[in-house]
Amino acid sequence: MTQRDAPTLPAYDLDEPLLAEVRATGRLAWRAYAFPRVEVVLGRGSRADRELHAEACAAGGVPVTRRRGGGCAVVLDPGNAVVAVAAPMTGFGDLGRQW
């Protein structure tokens with residue numbers, strides 16, 4: 001993987017069931033979970049050329065994904081607790097849109 005590969009990164013999809021619940025119910029939902037592995041997750045607008053050491057990730061076998069939400073790149077590992085919140089907010093975030 002090189003810096004130029006970042007736009008084609010796989011999606012961080014662990015929160016897809018949460019988003020599906022919000023789409024189905026129209027209500028706010030949240031969940032907390034322990035992260036199961038080491039992974040670098042880029043935010044929706046993250047610039048891989050500034051936030052990612054792609055060669056180091058590849059050399060270490062660390063997966064790199066991109067989440068729908070904003071923010072910068074984060075490194076998650078089994079010691080992290082992740083809290084995800086999703087809310088139906090028309091015109092803000094557009095849960096139905098794929099990026």
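The following paragraphs examine the structure supplied in this document. (Residues numbered from 1 in each chain as written. Predicted model: local features only at pLDDT ≥ 70, side-chain atom pairs only at ≥ 80, totals over all residues. Heavy atoms only, no water.)

### Considerations on the overall build of the chain
Quick note on the threshold: A run of H or I in DSSP becomes a helix once it reaches four residues, and a run of E becomes a strand once it reaches two; helices and strands are each numbered from the N terminus. Burial here depends on accessible area, computed with a 1.4 Å probe over protein chains only, as a share of the maximum for the residue type. Under 20% is buried, over 50% is exposed, and the range in between is partly exposed.
Looking only at helices and strands, the chain features three helices and five strands. Secondary structure of the chain in N-to-C order comes out as α-β-β-α-α-β-β-β. The proportion of buried residues among the 99 residues of the chain is 29%.

### Some remarks on the sheet that holds strand E2 (residues 39-42)
To be explicit about the condition: Any two strands with at least two DSSP bridges between them are considered paired. To obtain each axis, a line is fitted to C-alpha atoms, and for helices this fit is confined to the stretch in contact; angles are then taken between N-to-C directions over 0 to 180 degrees.
If you walk across this open sheet you meet the three strands as E3-E2-E4, and the pairing is mixed. Looking at which strands have only one partner, the edges of the open sheet turn out to be strand E3 (64-66) and strand E4 (74-76). Geometrically, the sheet is characterised by an average inter-axis angle of 30 degrees between neighbouring strands, direction not taken into account. Two elements, E2 and E4, share three bridges in a ladder whose sense is antiparallel.

### Section: the pairing of strand E5 (residues 81-86)
Only one face of E5 is buried, namely the one carrying Val82, Ala84 and Ala86, since none of Ala81, Val83 and Val85 on the opposite face is buried. For strand E1 (residues 29-34) and E5, the ladder comprises six bridges, and the chain directions are antiparallel. Its bridge partner being in E5, tyrosine 33 is matched across the sheet by valine 82.

### Re the pattern of salt bridges
Stated precisely, the cut-off is as follows: For this document, the term salt bridge refers to a Lys or Arg side-chain nitrogen within 4 Å of an Asp or Glu carboxyl oxygen.
Counted under the stated rule, the structure contains four salt bridges. Residues arginine 31 and aspartate 15 are paired through a salt bridge, measuring 3.4 Å at the closest nitrogen-oxygen approach. Of this pair, arginine 31 sits in strand E1 while aspartate 15 sits in the segment before helix H1 (16-25), and the two are 16 residues apart along the sequence. Given a relative accessible area of 27%, arginine 31 falls into the partly exposed group. Between arginine 68 and glutamate 16 there is a salt bridge; the shortest N-O distance is 3.2 Å. Pair noted here: arginine 68 is in the loop between E3 and E4 and glutamate 16 is in helix H1, with a separation of 52 residues, a long-range link. With relative accessibility at 17%, the residue arginine 68 sits in the buried group.

### Quick look at a nonpolar patch on the surface
Applicable threshold: Patch membership requires over 30% relative accessible area and the absence of a salt bridge. Like charges are linked within 9 Å, and nonpolar side chains (Val, Leu, Ile, Met, Phe, Trp, Tyr) within 5 Å. Calculation of accessible area relied on Shrake-Rupley with a 1.4 Å probe; when residues are assessed, cover is drawn exclusively from the protein chains displayed.
On the surface, a nonpolar cluster with roughly 480 Å² of combined accessible area is contributed by Leu28, Trp30, Val83 and Val85. In this structure, valine 85 sits in strand E5.

### Details of the environment of aspartate 49
Which entries qualify depends on this criterion: Pairing of N or O atoms within 3.5 Å defines a polar contact, subject to two protein rules: one partner must be a possible hydrogen donor and the other a possible acceptor, and residues neighboring in sequence count only if both atoms are side-chain atoms.
Mapped onto the secondary structure, aspartate 49 falls in helix H2 (residues 48-51). What makes aspartate 49 partly exposed here is its relative accessible area of 48%. Among the polar contacts listed, one links the side chain of aspartate 49 to the side chain of arginine 47, at a separation of 3.0 Å.

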